[in-house]
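Architecture at a glance
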Amino acid sequence: MSADRPVALDEYPVHQAPLSMKHVVTGDRNAYDRCIFHVFDHAGRAVLVLGLGVYPNAGVIDAYATVRIGDRLHAVRASDALTDDRTNLSVGPLRITVDVPLQQFSLHCAPDPEDPDGLSYDLTWTAEFPALWEPHHLQRRGDRLTLEGRRFVQAGHATGVVRVAGEELRPTPGEWTGTRDRSWGVRPLPGEDGGRGAEEHRTEGFHWLWVPVRFEDRFVMVIVQEDADGHRTLNEAVQVFPTGSGRHDVQLGWPHSEISYRPGTRHPERAVLHLTDPARKPLELGVEILASSPLAVGAGYPPATDWQHGSWQGRGWTDRRVYDLSDPAAHPMAAYGVTDHSARFTLDGRTGFGIFEHGSFGRHDPSGFTDHSSVAP
């Protein structure tokens, strides 16, 4: 075995610890560093979700892309052994290029030579608002730290082409919106053994909202995480203005949500998020769901049964498939994962577009859900 040597990033003054940039400070197997992009049209016809992650202590890099058209979800996933070149954000047919940090990115998925109608794309994602730090995210199970994440979020637009099912979709700034999220830290990877903590500190319920919304002249971010009894463990409501506007970020109070679910499900159809401006004026962020993409189908988020982020698939693994979402019984675990809904939003006379990311499983007293089988009447 060759000796451990410096990597290219070690030439730059970016170190946070007396270690090579090849290594992370923690020895936790669950260390991660990844991103997610959303590109969606305002008519609710298409939702593209893509991302890439690095898992240094698992030695894995992987990426995915899904696009929903009608009831068909087209997915491309790839995984490989992590190399020392951390600036190379590509795996298999999927690639992300940082053209201008915090401003512009090139997103690419190569076509499948054996399936010309399969998913591929060439997009330029451009920020329209400054990146916003999200609250520091901590979760424990008993005394065990299970999640610690540092995150930021941003909104903009995308241009280029998405090819899928024999069609070419061409995003334009006025008719499509883009959001993205960057996070790193520690979060559970597949195969994590909860041990005593999982046995004696079972999670009764989890309720999650992550809502980035782009309006023409402002960006609004709302985050809510609650336990089974409604205890708030993560909270954010803030309004951000374009760079150069001279306007500071504005906090919008303690958000409260009213969600209307499709009967017999926990699938949101519309919602109102109650906010408050600094003068204590009530504000209502209205939500109308346009299209939905369950992250547990195709995108590798728990509790996906076919592939999850950070799992070793061997070298050079690529997988393409199409899921039929018309029958919920065909994907029974999707309802127990987070779903990204593209949505139309209204706020104080303005109309905007964004992602209404929603997850609710187990008991949630404020919603009237009593256990994992509980659904809206």
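**Here's the deal with the pattern of salt bridges**
Applying the stated rule across the entire model yields 25 salt bridges. Taking the shortest distance from any N to any O, the salt bridge between Arg144 and Asp28 comes out at 3.8 Å. Here the residue Arg144 occupies a position in strand S11 (residues 144–164), and Asp28 occupies one in the segment before strand S1 (31–41), the gap between them amounting to 116 residues. Residue classification places Asp28 among the buried residues on the basis of a relative accessible area of 18%. In this structure, Arg151 and Asp181 form a salt bridge, with 3.2 Å as the shortest nitrogen-oxygen distance. With Arg151 in strand S11 and Asp181 in strand S13 (residues 176–186), the pair connects residues that are 30 residues apart, well separated along the chain. Given the relative accessible area of 11%, Arg151 is considered buried. Taken together, the shared-partner salt bridges in this structure form one network comprising Arg77, Asp306, Asp319 and Arg321.

**Thoughts on the sheet that holds strand S23 (residues 350–362)**
Strand pairing within a sheet occurs via backbone hydrogen bonds; the two strands may be parallel or antiparallel. Pairing is antiparallel across the open sheet formed by 9 strands, whose spatial order is S17-S16-S15-S14-S23-S22-S20-S19-S18. Since the sheet does not close on itself, it has two edges, and those belong to strand S17 (250–251) and strand S18 (256–261), each with one partner. As judged from the 2 bridges shared by strand S16 (residues 232–240) and S17, these two strands associate in the antiparallel manner. Along S17, the bridge assignment pairs Val238 with Gln251.

Parameters at a glance
Starting afresh in each chain, residues are numbered from 1 along the sequence in its written order. Per-residue local features of the predicted model are confined to residues with pLDDT of at least 70, and side-chain atom pairs are confined, for both listing and counting, to 80 or more; whole-chain, interface and lining totals are unaffected and use all residues. Here the side-chain values reflect all heavy atoms present in the structure, with hydrogen atoms and water set aside. The salt bridge definition used is simple: a Lys or Arg side-chain nitrogen within 4 Å of an Asp or Glu carboxyl oxygen. Only runs of H or I of at least four residues qualify as helices and only runs of E of at least two qualify as strands under DSSP, and these elements are numbered from the N terminus. Partly exposed residues are those whose accessible area sits between 20% and 50% of the maximum for their type, while under 20% is buried and over 50% is exposed, using a 1.4 Å probe and protein chains only. When DSSP finds at least two bridges between two strands, those strands are taken to pair.

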